[in-house]
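Chains, contacts and geometry: an overview
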Amino acid sequence: MAYKLGFAGMGNMASAILLGGLSAGSLDGSAVLAYDPYPVKLDAIVADYGITKAASLAELADRSDIVLFAVKPNMIESVVAEMGEHLAGKAVVSIALGWRYAELAKILPASTRIQAVMPNTPMMVGTGVCLMETTQSLTEGEHDFIQAMFASVGIVHPTPTYQMQAGGALSGCGPAFVFQFIEALADGAVYHGVPRADAYKLAAQTVMGSAKMVLETGTHPAQLKDNVCSPGGSTIRGVAALEEKGFRAAVIEAIHQSASK
């Protein structure tokens, strides 16, 4: 079955999902509607890809089979209030941080079918992580449709409700910590004379390549680290310096603080 998908909000994350789905063929522009009260980005996408621009949130809900909430978490309740019973019998997918199945069910019409998803910003370059809460009430066809859409911009990871908070801290907040690490790697190289632009390029490629080794080889990260550390060599000296400065503990604490919000 073909579904009409309505985007409530068209910011960076929503546009990444939309454009990734259109590029992969999991979405058809003629079956996509969108609404945004500040439609600069939306107007450009409408012009380029022929999706339909809704005049209001109520119209968006009326004309969609599935509504995707792509607004900031503090706007969810006002969006639901504006749509009201227009959402009755619809499927709702939310990518708003902290809004899981149980929280959404409390404010949506009883006949609404619900799926909470936690994406991350690397979706914008097609390499994201999407946590899909396993507690959900979509039909099988709706679930398959949504899963294919998110798979076009990264990996989809079914996640039990009790893991959504910690998993979201890892995949959702984690990119910020990785960006800090890339910046720090580059700073170290700049200190020793590498030009800034070159240092960022080398650091980013090093992190990307290392991550790809973990994913594609299935080898434990500790073993991959050991493989680089020659006895008495330069790498083990750097590893020892990181341990001395509390690198591992600092990263664990960062995830803990993010997951405790």
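A short tour of the structure in this document, coming up. This one's a predicted model, so the numbers in the text were calculated from it and none came from an experiment.

Rules used in this analysis
- Residues numbered from 1 in each chain as written.
- Predicted model: local features only at pLDDT ≥ 70, side-chain atom pairs only at ≥ 80, totals over all residues.
- Heavy atoms only, no water.
- Helix = DSSP H or I, 4+ residues; strand = E, 2+ residues; numbered from the N terminus.
- Expected span 1.5 Å × (residues − 1).
- Buried < 20%, exposed > 50% of the residue type's maximum accessible area, 1.4 Å probe, protein only.
- Contact = heavy atoms within 4.5 Å.
- Salt bridge = Lys/Arg side-chain N within 4 Å of Asp/Glu carboxyl O.
- Pairing = 2+ DSSP bridges.
- Right-handed = clockwise from strand over helix to strand, strands pointing away.
- Phe/Tyr/Trp six-rings, centres within 6.5 Å; stacked < 30°, edge-to-face > 60°.

Attention now moves to helix α1 (residues 12-24). Taking 1.5 Å of rise per residue, 13 residues should cover 18 Å, and α1 covers 18 Å from first to last C-alpha, within 8% of that figure. Listed in full, the buried residues belonging to α1 are Ala14, Ser15, Ala16, Ile17, Leu18, Gly20, Gly21 and Leu22. In the core, the buried residues of α1 are packed alongside β1 (5-8), β2 (32-35), α2 (40-49) and α6 (140-151). Glycine 25 sits one or two residues past α1 and shows a positive phi near 85°.

On to the environment of serine 26, then. With respect to the secondary-structure elements, serine 26 resides in the loop between α1 and β2. When the C-alpha atoms of serine 26 and phenylalanine 150 are compared, they prove to be 9.0 Å apart, with 124 residues separating the residues in sequence. Apart from the residues within four sequence positions on either side, serine 26 is in contact with Gly21, Phe145, Ala148, Met149 and Ser152.

Counting across every chain of the model gives seven salt bridges. Aspartate 43 is the salt-bridge partner of lysine 53, the closest N and O atoms lying 2.7 Å from each other. Taken together, the positions of lysine 53 in strand β3 (residues 52-53) and aspartate 43 in helix α2 put the pair 10 residues apart, joining distant regions of the chain. Judged by its relative accessible area of 35%, aspartate 43 is partly exposed. Among the ionic pairs, arginine 196 bridges to aspartate 187, the shortest N-O distance being 2.5 Å.

We now examine the pairing of β1. With burial as the criterion, each face of β1 is covered, one bearing Leu5 and Phe7 and the other bearing Gly6 and Ala8. Pairing analysis gives four bridges linking β1 to β2, with the strands arranged parallel. Considered in β2, the bridge of alanine 8 is made with tyrosine 35. As for the winding sense of the linkage, the β-α-β connection from β1 through α1 to β2 is right-handed. The sheet contact formed by β1 and strand β4 (residues 66-69) spans four bridges and is parallel.

This part is about the packing of aromatic side chains. On inspection of all chains with the given rule, the structure shows two aromatic pairs. Between tyrosine 3 and phenylalanine 145, the ring centres sit 5.4 Å apart and the planes meet at 50°, which makes this aromatic pair tilted. Of the two residues, tyrosine 3 is situated in the segment before β1 and phenylalanine 145 in helix α6; the sequence distance between them amounts to 142 residues. Phenylalanine 145 shares its class with tyrosine 3; the two are buried. Between the aromatic rings of phenylalanine 181 and phenylalanine 247, the centroid separation amounts to 5.8 Å while the plane-to-plane angle is 45°, which identifies the pairing as tilted. Within this pair, whereas phenylalanine 181 is found in helix α7 (residues 161-191), its partner phenylalanine 247 is found in helix α11 (residues 247-259), the two being separated by 66 residues in sequence. Given the relative accessible area of 35%, phenylalanine 247 is considered partly exposed.

The quantities given are spatial measurements derived from coordinates; they are silent on function.
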